[in-house]
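# Descriptive structure summary
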Amino acid sequence: MAIFNNYLKQLLMSKSNDSNLSEMRVGDLLMTEHSLGIIEVTPRQAGENSTAYVYSCGIHGNETAPIEIVNDMLADIESGVLKIKNPLLIIFGNIQAMREGKRFIENNLNRMFSREHKKYDIEDDEPKRAKEIEESISVFFNKYKNLNKVHYDLHTAIRPSKYPKFAVYPSLKEGRCYSKNQLKLLSTMGLGAVLLMHKFSPTLSYYSSTTHGAEAFTLELGKVEKFGDNIRPNFKDTEEVLRSLVSGEKFETSNKYPKLCQVKKELIRHEQEYDFKISDDTANFTEFKKGTVLASDSVETYKVEEDGEMIAFPNGNVKVKQRSGLIMRVVSPSDIQIV
Ligand SMILES: [Zn+2]
């Protein structure tokens, strides 16, 4: 009996979060459902040159395109259309939020990794799920200790963006370099820009990068739509690369880098009285001219220091002491350590 031909439908229809813990053999592969929405695909032999991949989606429940993409991959793996040569862990993140068409139920799941879930009530769905996801990634990557490790955490964004597809590269542990191969793969996937983060972040990609030494990224692949409303051809380049990587198929990679945007400064709302000049519909990667005032309170006024500074994730309505946006500047590949 096919289990994974429309796994998403099962996730959305079922009332509980218990899984049947299915395990099935498909040709040379073993497909194991470790818990609801966490499925491991094990090829009979993972060679020394294999890479262990994690593809996660639905960490925000309403970001449906990646969920559909991964769901289709599962169906094609089960039917044998998509051959798998590299170990793969598939994660559907916030299942209850997916059912309700919401970003999250109580709290943002993508702020709960690297043990940050301990700060929440563990009886709540989201911290419980964060812990479960971390543990499943640990078991998976520990099993493949000697292989290269890669994690793509797939999202879509609410806000418009000058680059409809872009990646967030988590801040790297000291001594680690940016990966040339990965940057070019991101470009092959159709991503126009990469945001190079500057410090700890409680996101899933940061967790895999720092705790497991994986090449890990948050991929923002376009706009949030309801299930069924995604224009799938818009995702074709990304989808093809994701499939080719796990199947071990050779494909042509871009020799260009995406635009590299390094975080220069965090804007912080220091107090209740806050004059935030960037409107809600301002696109990510919008550039500003030198001298433009972006935000102001009695503690600090931020004026753009050089032409071309860009904004990411602006939001003036955050609580006091929280981040209201990131100021970025473009760097050239020779400005950063790429290996
Ligand atoms: Zn998201």
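Residues numbered from 1 in each chain as written. Predicted model: local features only at pLDDT ≥ 70, side-chain atom pairs only at ≥ 80, totals over all residues.

With that settled, the discussion passes to the overall build of the protein. The secondary structure content of the protein amounts to 7 helices and 16 strands. For a compact globule of 339 residues, the expected C-alpha radius of gyration is about 20 Å, and the protein comes in at 20 Å, within 12% of that figure. Structurally, the protein occupies a C-alpha span of about 65 × 45 × 35 Å along its principal axes. Each of the 339 residues in the protein was classed as buried or not, and the buried ones make up 40%. Partitioning the intrachain contacts of the protein with sequence separation of at least 6 by distance along the chain shows that 75% fall at a separation of at least 24. (Helix = DSSP H or I, 4+ residues; strand = E, 2+ residues; numbered from the N terminus. Rg over C-alpha atoms; globule rule 2.2 N^0.38 Å. Buried ≥ 20, exposed ≤ 12 C-beta atoms within 10 Å, placed from the backbone. Contact = placed C-beta atoms within 7 Å.)

Turning our attention to the domain arrangement of the protein. You can read the domains of the protein as domain 1 (7-247) and domain 2 (263-335). Counting residues at the interface gives 10 residues for domain 1, matched by 8 residues for domain 2. Among the residues forming the side of domain 1 that touches domain 2, the class breakdown is 6 nonpolar, 2 polar and 2 charged. (Domains from an automatic or database assignment. Nonpolar A, V, L, I, M, F, W, Y, C, P; charged D, E, K, R; others polar.)

It is worth spelling out helix 6 (residues 204-212) at this point. Inspection of helix 6 places L204, S205, Y206, Y207, S208 and S209 among the buried residues, and these make up the whole buried set. Contacts from the buried residues of helix 6 go to strand 4 (51-57), helix 4 (125-143), strand 6 (148-157), strand 7 (166-169) and strand 9 (215-223). Note on helix 6: the residue one or two positions beyond its end, G213, has a positive phi of about 65°.

A regular strand places its side chains so that they alternate between the two faces of the sheet. Burial of the side chains of strand 7 extends over both faces: F166 and V168 are buried on one face and A167 and Y169 on the other. The sheet contact formed by strand 7 and strand 9 spans 3 bridges and is antiparallel. The residue bridging F166 from the neighbouring strand is E220, located in strand 9. Here strand 7 pairs with strand 8 (residues 193-196) via 4 bridges, running parallel. The residue of strand 8 that forms the bridge with A167 is V194. Read from strand 7 through helix 5 (residues 180-188) to strand 8, the crossover connection turns out right-handed. (Pairing = 2+ DSSP bridges. Right-handed = clockwise from strand over helix to strand, strands pointing away.)

Where helix 4 meets helix 6, the closest approach of the two axes is 11 Å, and the angle between their N-to-C directions is 35°. Two packed elements cross with a definite hand, and for helix 4 against helix 6 that hand is right-handed. In this structure, helix 4 contributes I133, E134, I137 and F141 to the contact, and helix 6 contributes L204, Y207, S208 and H212. Considering only residue class, the contact of helix 4 with helix 6 consists of 5 nonpolar, 2 polar and 1 charged. (Axes fitted to C-alpha atoms, helices over the stretch in contact; angles between N-to-C directions. Left-handed = near helix turned anticlockwise from the far one by under 90°.)

Before going further, it helps to examine the sheet that holds strand 13 (residues 293-296). With antiparallel pairing, the 3 strands of this open sheet are ordered in space as 11-13-14. Where the open sheet ends on each side, the last strands, each with one partner, are strand 11 (275-276) and strand 14 (301-303). For strand 11 and strand 13, the ladder comprises 2 bridges, and the chain directions are antiparallel. By the bridge assignment for strand 13, F276 is matched with A295.

This next bit is on the environment of E106. Structurally, E106 can be placed in the loop between helix 3 (95-100) and helix 4. With 203 residues separating them along the chain, E106 and E309 place their C-alpha atoms 34 Å apart. Apart from the residues lying within four places of it in its own chain, the contact partners of E106 are D124 and E126.

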